[in-house]
Amino acid sequence: SGVERRDISVYDLSPETMGTFDFVFLGSLLLHLRDPVRALAAIRSVCGGEAVIADTVDFWSSMTRRRTPTARLEGVERPWWWIPNVPALHQMVRSAGFDVLEATSLYFIPLGTAHPKRSWRAIPGQLRTALGREELVTGFKGLPHAALRVRPATG
């Protein structure tokens, strides 16, 4: 194989430095970035074919705001910045210059063994805050995700 590993910031991707790729896969990265749309635009610049973008989404706002792009800003106590709902993930991708070809519905990635198991006794307290409700879903179902098959917009 002629694959070469390159450690580079996603923000620094460009056709001049990296060339272009027939296929790009981006998995669970956007939530860790301060400027996910800028990162998506950089990825679009090196995408010569199609891409699959799969990332964590906010479960509750995906269920209650099915047509309204909404993102929750974290950025302080957790290792992530923006948690979009499903419509916001679509909007971020389109804003970066991609056309959405296909999209999954909401799906869950189970937590690994390092994550503590949830107790049914904790539920009443968790329902009091948005973060508690999110952790409740995560603890029992896993991390909510959505994925999009995209290509750079042509016009």
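Procedures and definitions
Residues numbered from 1 in each chain as written. Predicted model: local features only at pLDDT ≥ 70, side-chain atom pairs only at ≥ 80, totals over all residues. Heavy atoms only, no water. Helix = DSSP H or I, 4+ residues; strand = E, 2+ residues; numbered from the N terminus. Buried < 20%, exposed > 50% of the residue type's maximum accessible area, 1.4 Å probe, protein only. Contact = heavy atoms within 4.5 Å. Areas by Shrake-Rupley, 256 points an atom, 1.4 Å probe, with all protein chains shown as cover. Arc of directions from axis to C-beta. Salt bridge = Lys/Arg side-chain N within 4 Å of Asp/Glu carboxyl O.

Trainee: Quick one: what's the story with the overall build of the protein, residue by residue and with numbers?
Mentor: Tallying secondary structure elements over the protein gives six helices and seven strands in all. Counting helices and strands in the order they occur from the N terminus, the protein gives α-β-α-β-α-β-β-α-β-β-α-α-β. For the protein, the proportion of its 155 residues judged to be buried stands at 35%. Considering only contacts in the protein between residues 6 or more positions apart, those separated by 24 or more positions represent 73%. Within the structure as shown, the protein displays about 9400 Å² of accessible surface, and the carbon and sulfur contribution to it stands at 54%.

Trainee: Which residues make up helix α2 (residues 36–46), and what are the values?
Mentor: Residues three or four positions apart in an α-helix share a direction because the helix packs 3.6 residues into each turn. Residues of α2 that are buried: Pro36, Ala39, Leu40, Ala42, Ile43 and Val46. An end-on view of α2 places all buried positions within 160° of arc, on one side of the element. On its buried side, α2 packs onto α1 (15–18), β1 (21–27), β2 (47–56), β4 (82–84), α4 (86–95) and β5 (98–103).

Trainee: Got a sec to walk through the pattern of salt bridges? Specific residues and values, please.
Mentor: Scanning the entire structure with this criterion turns up five salt bridges. As a salt-bridge pair, arginine 149 and glutamate 50 come within 2.8 Å of each other at their nearest N and O atoms. With a gap of 99 residues between them, arginine 149 in strand β7 (residues 143–152) and glutamate 50 in strand β2 connect regions that are remote in the sequence. The partly exposed category is assigned to glutamate 50, whose relative accessible area is 28%. Two residues, arginine 72 and glutamate 74, come together in a salt bridge whose shortest N-O distance is 2.7 Å. The network of salt bridges with common partners includes Glu50, Glu102 and Arg149.

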